[in-house]
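Single-letter residue listing:
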Amino acid sequence: MSEPAWRTDFPLHSGEERAVTRRQFARFLVLTSLGMFVGNLWILVRTRLRRAAALPRLRIAAATEVGVGDVRSFSYPGPGDPCLLIRTGPDTFVAYSQKCTHLSCAVVPRVAEGRLDCPCHQGAFALEDGRVLQGPPPRPLPRVRLAREGDDLVAVGMDGA
Amino acid sequence: MTPHRPDAMDGALALLAVLLVVQMWLLTATLEATLAGHPEVAGPAAALSGVLLAACVALALLAGRLRGR
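Residues numbered from 1 in each chain as written. Chains lettered and ligands numbered in written order. Predicted model: local features only at pLDDT ≥ 70, side-chain atom pairs only at ≥ 80, totals over all residues. Heavy atoms only, no water.

### Some details on the overall build of chain A
Okay, step 1: What chain A contains, in helices and strands, is three helices and ten strands.
Okay, step 2: Shown N-terminal to C-terminal, the secondary structure of chain A runs as helices and strands in the order α-α-α-β-β-β-β-β-β-β-β-β-β.
Okay, step 3: Counting across all 161 residues of chain A, residues that qualify as buried make up 34%.
Okay, step 4: Sequence separation of at least 24 residues holds for 38% of the intrachain contacts in chain A that already meet a minimum separation of 6.
Okay, step 5: In the structure as shown, chain A presents an accessible area of about 9,700 Å², 56% of it carried by carbon and sulfur atoms. (Helix = DSSP H or I, 4+ residues; strand = E, 2+ residues; numbered from the N terminus. Buried < 20%, exposed > 50% of the residue type's maximum accessible area, 1.4 Å probe, protein only. Contact = heavy atoms within 4.5 Å. Areas by Shrake-Rupley, 256 points an atom, 1.4 Å probe, with all protein chains shown as cover.)

Spelled out as structure tokens, the structure:
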């Protein structure tokens, strides 16, 4: 005599109630795979949308206001994106995002030592090109592209963000 | 109670799990690469993830068919 359907849906023993059949497990794995595919699609959509939106231009400061070794903070491209402008030489300016690429802690410039240090997990980036010198950061610091318009230093884009 | 002997469905489930691990790696690697300024990998990665999903679905269907026999 075959088991009635209610016996399968409402088993008498609690162990049977918690049991997962292999078919249910396979279904769960397929749903997880679908979720990860959707995640990859989302990344694709975000990269396409970001490419379509051009970054704004922003006047940061006059070059004569920033002395050699000085640091200026500014926000670019939006108010929640802190950046640092550093004059490393008479004619050289660099600007980077201040968010560490590890866990977004604010990096601290050490101009005399030619590096930007992250105090959270002892990461460090080179001042000349933003590459990782030490620690857990996986990527270089995003670099702000600068343009000189007369005496003004203008942010015109961002690399590696 | 008779001990469970591994059968073809167990093999299919094991292969499904392996594909899932690969897909998980692909998702994290794609995110890492796009954040590092290489958005060109997003398209091929999404296509490969779709292929892996299709393989997972095919395996699950095959496993169901094996179980039914």
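### Here we look at the overall build of chain B
Okay, step 1: When helices and strands are tallied, chain B shows two helices and zero strands.
Okay, step 2: When each of the 69 residues of chain B is scored for burial, the buried share is 30%.
Okay, step 3: Accessible surface for chain B amounts to roughly 4,200 Å². Of this, 73% is attributable to carbon and sulfur atoms.

### Description of the confidence of the model for chain B
Any region with low pLDDT has predicted coordinates that should not be read closely.
Okay, step 1: Looking at chain B, the pLDDT average stands at 86 and 88% of residues meet or exceed 70.
Okay, step 2: Of the two predicted TM-score estimates for the complex, the pTM is 0.64 and the ipTM is 0.88. (pLDDT = per-residue confidence, 0-100.)

### Considerations on the state of the cysteines
Residue and element names in this part refer to chain A.
Okay, step 1: Applying the stated criterion across every chain, the model contains one disulfide over all chains.
Okay, step 2: The disulfide partner of Cys 105 is Cys 120, and the S-S distance across this bridge is 2.0 Å. Between Cys 105 and Cys 120 the sulfur-sulfur dihedral comes to about -100°; the bridge is accordingly left-handed. Separated by 15 residues along the polypeptide, Cys 105 in the loop between β4 (92–97) and β5 (108–110) and Cys 120 in the loop between β6 (115–118) and β7 (123–126) bring together distant segments of the chain.
Okay, step 3: A relative accessible area of 16% places Cys 105 in the buried class. (Disulfide = S-S within 2.5 Å.)

### Looking at the pattern of salt bridges
Okay, step 1: Throughout the structure, instances matching the rule amount to twelve salt bridges over all chains.
Okay, step 2: Across the pair A:Asp117 and A:Arg110 runs a salt bridge whose closest N-O atoms are separated by 3.1 Å.
Okay, step 3: On the accessibility criterion, A:Asp117 (13% relative accessible area) is buried.
Okay, step 4: Linking A:Arg139 and B:Glu32 is a salt bridge whose minimum nitrogen-to-oxygen distance equals 2.8 Å. One end of the pair, A:Arg139, is in the loop between β8 (132–134) and β9 (143–149); the other, B:Glu32, is in helix α1 (residues 8–35), on a second chain. (Salt bridge = Lys/Arg side-chain N within 4 Å of Asp/Glu carboxyl O.)

### Considering the environment of A:Pro140
Residue and element names in this part refer to chain A.
Okay, step 1: If you trace the backbone, Pro 140 turns up in the loop between β8 and β9.
Okay, step 2: The spatial distance from the C-alpha of Pro 140 to the C-alpha of Thr 101 is 7.1 Å, given a sequence separation of 39 residues.
Okay, step 3: In contact with Pro 140, not counting residues within four places along its chain, are Thr 101, Phe 125, Gly 130, Arg 131 and Val 132.

### Examining the interface of chain B and chain A
Okay, step 1: Each partner contributes residues to the interface: chain B has 35 residues there, and chain A has 22 residues.
Okay, step 2: For the pairing of chain B and chain A, the buried interface totals around 2,300 Å² over both sides, and the portion due to carbon and sulfur atoms is 70%.
Okay, step 3: Where chain B meets chain A, there are two salt bridges.
Okay, step 4: A salt bridge links B:Asp10 to A:Arg22; the nearest nitrogen and oxygen atoms lie 3.0 Å apart.
Okay, step 5: The set of elements that each furnish at least two residues to the side of chain B that touches chain A consists of α1 and α2 (42–68) of chain B.
Okay, step 6: Among the elements that line the side of chain B that touches chain A, the one with the most residues is α1(B), at 15 residues. (Buried area = accessible area lost by both parts, 1.4 Å probe.)

### Things to note about the nonpolar core
Okay, step 1: Core analysis: the biggest nonpolar cluster contains 17 residues, and A:Ala26, A:Leu29, B:Leu13, B:Leu16, B:Leu19, B:Leu59 and B:Ala60 have the highest contact counts within it.
Okay, step 2: Of all the elements, α1(B) adds the most residues to this core, at seven residues.
Okay, step 3: In contact with B:Leu16, not counting residues within four places along its chain, are A:Ala26, A:Leu29, A:Val30, B:Cys56, B:Leu59 and B:Ala60. (Core = buried A, V, L, I, M, F, W, Y, C linked by side-chain atoms within 4.5 Å.)

### Observations concerning the sheet that holds β7(A)
Residues and elements named next belong to chain A.
Okay, step 1: Pairing in this open sheet of four strands is antiparallel, and the strands run β5-β6-β7-β8 from one edge to the other. This sheet does not close on itself; its edge strands, each paired only once, are β5 and β8. The mean angle between the axes of side-by-side strands here comes to 30°, regardless of whether they run parallel or antiparallel.
Okay, step 2: In this sheet, β8 lies alongside β7 in antiparallel orientation, the contact comprising two bridges. When the sheet's bridge partners are listed, Ala 124 is paired in β8 with Gln 134. (Pairing = 2+ DSSP bridges. Axes fitted to C-alpha atoms, helices over the stretch in contact; angles between N-to-C directions.)

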